[in-house]
Amino acid sequence: MLRQKIYAMLIIANKTSTTTKCSFSNSAKNLQSINPRQYSKNRAQDPTGKWLMLAFPASAFGLGVWQWRRKAWKSNLVKELERKTTAEPILFPTDLSELQNLEYRPLIVRGTFDHSKELYIEPRSLIDRSKNTPIDAGSMMSIQNKNIGVLVITPFHVTDRGITILINRGFVPKDQKKPKARIAGQIEEEIEIVGLLRHNEKRPPLSPKNNPIRNHWFYKDLDQMGSLTGAEPILLDAVFESSVPGGPIGGQTRVSLRDEHLSYMITWFSLSAITSYMWYMRFLK
């Protein structure tokens, strides 16, 4: 009886093994029957993936067009700034609210300086007026040539308006930062100044904070400067022609704007062309 049971179990195990081998054999034959090219072709014909992939070159092209428009806008803005800075000077307005629309316009003021309340923005490089760019800014040669220094901001009482404003008199080398080193330029009598109106300046990224107590200024915070000196938060950058012999060098207004839109435009259009070619080779060829 026991011998019969064992014999029956062996027969069942043999059948199971045979069935499993056949199943594996059939699976292998099915895998071998799949044509990789046909599989790839079927995937390529998938409309969803096809049009989703087209979004990459289309988006890159759109960004290129956007940068092209930004470049045109920036060029027009530069031309507008140049037009304002080279316009004929006008008298300082009696209505201070008009100043909101006059940034970079040359304004004429007449009055006296209060040299006892000078402020210093540093470090700054001397601007070459013919190119409107720093002269060897940041190089060892520029330091030796004294082209690195400070901008002198001085309160200025406007006689016919009865208010005190701030004048950026211009650049002095570091060794002339103290007024005693430039006595000849510390004019006391009434004088006429032409300067470009400037608005408040935001703190640049990574720039240290201003330190009014130590008279260390890194950017133009007109509200803070006005509060410290008793002047209105109004600043004029003196033009070069308003420089006083022996004093700071005027004409230190930077009107150039950063314009990298051309390189961005080339980058996006190149990516659009490359991805378009890849899409063509993948789905159409």
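Within each chain, residue numbers correspond to sequence positions counted from 1 in written order. Restriction of local features to residues with pLDDT of at least 70 applies here, the model being predicted, together with a cutoff of 80 or more for giving and counting side-chain atom pairs; totals for whole chains, interfaces and linings are based on all residues. Each side-chain value is worked out from all heavy atoms of the structure, with water and hydrogens disregarded.

Here we come to the packing of helix α4 (residues 55-85) against helix α7 (residues 261-283). Whenever a helix is involved, its axis is fitted only over the stretch in contact; in every case the axis is a line through C-alpha atoms, and angles between N-to-C directions fall within 0 to 180 degrees. Numbering goes from the N terminus for both helices and strands, where a helix is a DSSP run of H or I of at least four residues and a strand is a run of E of at least two. For the pair α4 and α7, interaxial distance at closest approach is 8 Å and the crossing angle is 160 degrees. In terms of orientation, α4 lies roughly antiparallel with respect to α7. For the element pair α4 and α7, the recorded crossing hand is left-handed. Of the residues in α7, those touching α4 at F56, P57, A60, F61, L63, G64, V65, Q67, W68, R70, K71 and K74 are H261, L262, Y264, M265, W268, F269, L271, S272, T275 and S276. Class assignment of the residues belonging to the contact of α4 with α7 gives a composition of 13 nonpolar, six polar and three charged. Should an angle lie under 35 degrees it is considered roughly parallel, over 145 roughly antiparallel, and from 65 to 115 roughly perpendicular; all remaining angles are considered oblique. Crossings are sorted by hand: turned counterclockwise from the far helix by less than a right angle, the near helix makes the crossing left-handed, and turned clockwise it makes it right-handed. The contact criterion used throughout is that any non-hydrogen atoms of two residues lie within 4.5 Å. Throughout this entry, Asp, Glu, Lys and Arg are counted as charged residues, while Ala, Val, Leu, Ile, Met, Phe, Trp, Tyr, Cys and Pro are counted as nonpolar. The remaining residues, Gly among them, count as polar.

Our focus in this paragraph is the packing of aromatic side chains. Pairing of aromatic rings covers Phe, Tyr and the six-membered ring of Trp, with a centre-to-centre limit of 6.5 Å; geometry is then stacked below 30 degrees between planes, edge-to-face above 60, and tilted otherwise. Summed over all chains, the structure comprises two aromatic pairs. Relative to F269, the ring of F61 lies with its centre 5.5 Å away and its plane at 50 degrees, an arrangement referred to as tilted. Highlighted residues: F61 in helix α4 and F269 in helix α7, separated in sequence by 208 residues. Under the scheme applied here, a residue whose accessible area is under 20% of the maximum for its type counts as buried, over 50% as exposed, and between as partly exposed, the area being computed with a 1.4 Å probe on protein chains only. A residue is classified by how much of its surface remains accessible, and F61, at 46% relative accessible area, is partly exposed. In this structure F269 comes out as partly exposed when scored by relative accessible area, which is 30%. Ring plane angle 65 degrees and centroid distance 4.9 Å describe the contact between F113 and F156, whose orientation is recorded as edge-to-face.

Now for the environment of N101. Mapped onto the fold, N101 is located in the loop between β1 (90-91) and β2 (106-113). Sequence separation between N101 and L197 is 96 residues; the distance between their C-alpha atoms is 9.8 Å.

Let's shift gears to helix α6 (residues 222-229). Listing the buried residues of α6 in full gives L222, M225, G226 and T229. Viewed along the axis of α6, the buried residues span an arc of 95 degrees, placing them on a single side of the element. Exposed residues lying more than 90 degrees from the buried face of α6 are D223 and S227. Elements that come into contact with the buried residues of α6 comprise β3 (119-125), β6 (148-158), β7 (163-173), β8 (191-198) and β9 (235-238). Think of it as the arc spanned by the lines of direction from the helix axis to the C-beta atoms.

Attention shifts here to the confidence of the model for the protein. Summing up the model confidence of the protein, the mean pLDDT is 80 and the portion of residues at 70 or higher is 77%. For residues 20-24, every residue scores under 50 in pLDDT, and the model assigns this stretch zero contacts once sequence neighbours within four places are set aside. Every residue gets a pLDDT, meaning the predictor's confidence in that residue, from 0 to 100. Every residue in residues 133-144 is under pLDDT 50, and counting partners more than four places away or in other chains gives 19 contacts.

For the rest of this paragraph, the subject is the side chain of E122. On the secondary structure map, E122 appears in strand β3. When neighbours within four sequence positions are excluded, E122 is seen to be in contact with G149, V150, K174, K177, H216, W217 and F218.

Attention now goes to α7. One fewer than the residue count of a helix, multiplied by 1.5 Å, yields its expected span. If you check α7, its first and last C-alpha atoms are 32 Å apart, about what 23 residues at 1.5 Å a residue would give, namely 33 Å. Those residues of α7 lying buried are H261, M265, S272, W279 and F283.

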